[in-house]
Amino acid sequence: EKSLGSLSKDSRGIVGLFSGGTLCYEAGLVLREMLSDPIHSNLSMRGIIPFDPESETSAHTLLDLGDDQFTRGQPHPMIDLRDRCRRLVRSVEDPSVGIILIDVVLGLNSHPDPASELIPALNEAARRASDMGRTITSIVSLCGSSNDPQSLDVQKEAFLKAGALVTQSNAQAARVAGGVSMDDLNLLMKENFEC
């Protein structure tokens, strides 16, 4: 079982890379209530600081990668995972980052096998963080069913085998990320997620 208390005190920042605005917004609402540290996002939300791509922030960052600023001339991130994978790997260059939060949306209009691209990126991020003496906790919210072409069970098993925490909902993923960030094992014990 994955250790949840292994992040250093200085590396508890959350980077959330979402394929859509609704899930990113929901995570922002949950984390805004849980965390006292600043949260940055490209979504406009009360209590959330506007994301500045030029800033060297060590705060929590939640990005809707389906927003027009990221998708002009490119396929949507539910279909094309390359930009999200690049950002995911680069995110660990910030020494304050210890938690990666991603949504994986299954269905007919989504990538045919998201785990096949996201897992190598999660592994590379973990390797780079390890080279810097840090640990990364990856949290995946899976949105789909066993009837989807990608199969929820197949995707879940692949992410679990790769060492990710897998939640039953996006809100739960945000709560788990907040609990890991705060090193609140009591809060985490209340959540029924798989690792």
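Residues numbered from 1 in each chain as written. Predicted model: local features only at pLDDT ≥ 70, side-chain atom pairs only at ≥ 80, totals over all residues. Heavy atoms only, no water.

Trainee: Tell me about the side chain of Arg-134, and name the residues and values.
Mentor: One can find Arg-134 in the loop between α4 (114-131) and β6 (137-143). A distance of 3.2 Å separates a polar side-chain atom of Arg-134 from the backbone oxygen of Asp-94. If we skip the residues at most four places from it in the chain, Arg-134 touches Ser-11, Val-92, Asp-94, Pro-95, Val-97 and Ala-129. (Helix = DSSP H or I, 4+ residues; strand = E, 2+ residues; numbered from the N terminus. Polar contact = N/O pair within 3.5 Å; in protein donor to acceptor, adjacent residues only side chain to side chain. Contact = heavy atoms within 4.5 Å.)

Trainee: Which residues make up the environment of Ile-100, and what values go with them?
Mentor: In this fold, Ile-100 is placed in strand β5 (residues 97-105). Residue class for Ile-100 comes out buried when judged on its relative accessible area of 0%. It is 6.1 Å that separates the C-alpha atoms of Ile-100 and Ile-139, two residues lying 39 residues apart in sequence. Excluding its chain neighbours within four sequence positions, the residues that come into contact with Ile-100 are Val-15, Leu-88, Ser-91, Val-92, Leu-122, Ala-125, Ile-136, Thr-137, Ser-138 and Ile-139. (Buried < 20%, exposed > 50% of the residue type's maximum accessible area, 1.4 Å probe, protein only.)

Trainee: Give me the pattern of salt bridges: which residues, what numbers.
Mentor: Scanning the entire structure with this criterion turns up 10 salt bridges. For Glu-33, the salt bridge identified is with Arg-32, shortest N-O distance 3.5 Å. For Glu-33, a relative accessible area of 61% gives the class exposed. When the shortest N-O distance is used, the salt bridge between Arg-87 and Asp-83 registers 2.9 Å. Taken as a pair, Arg-87 and Asp-83 lie in helix α3 (residues 82-91) at a separation of 4 residues, close to a single helical turn. When salt bridges with common partners are traced through the structure, they connect Glu-93, Glu-124, Arg-127, Arg-128 and Asp-131 into a single cluster. (Salt bridge = Lys/Arg side-chain N within 4 Å of Asp/Glu carboxyl O.)

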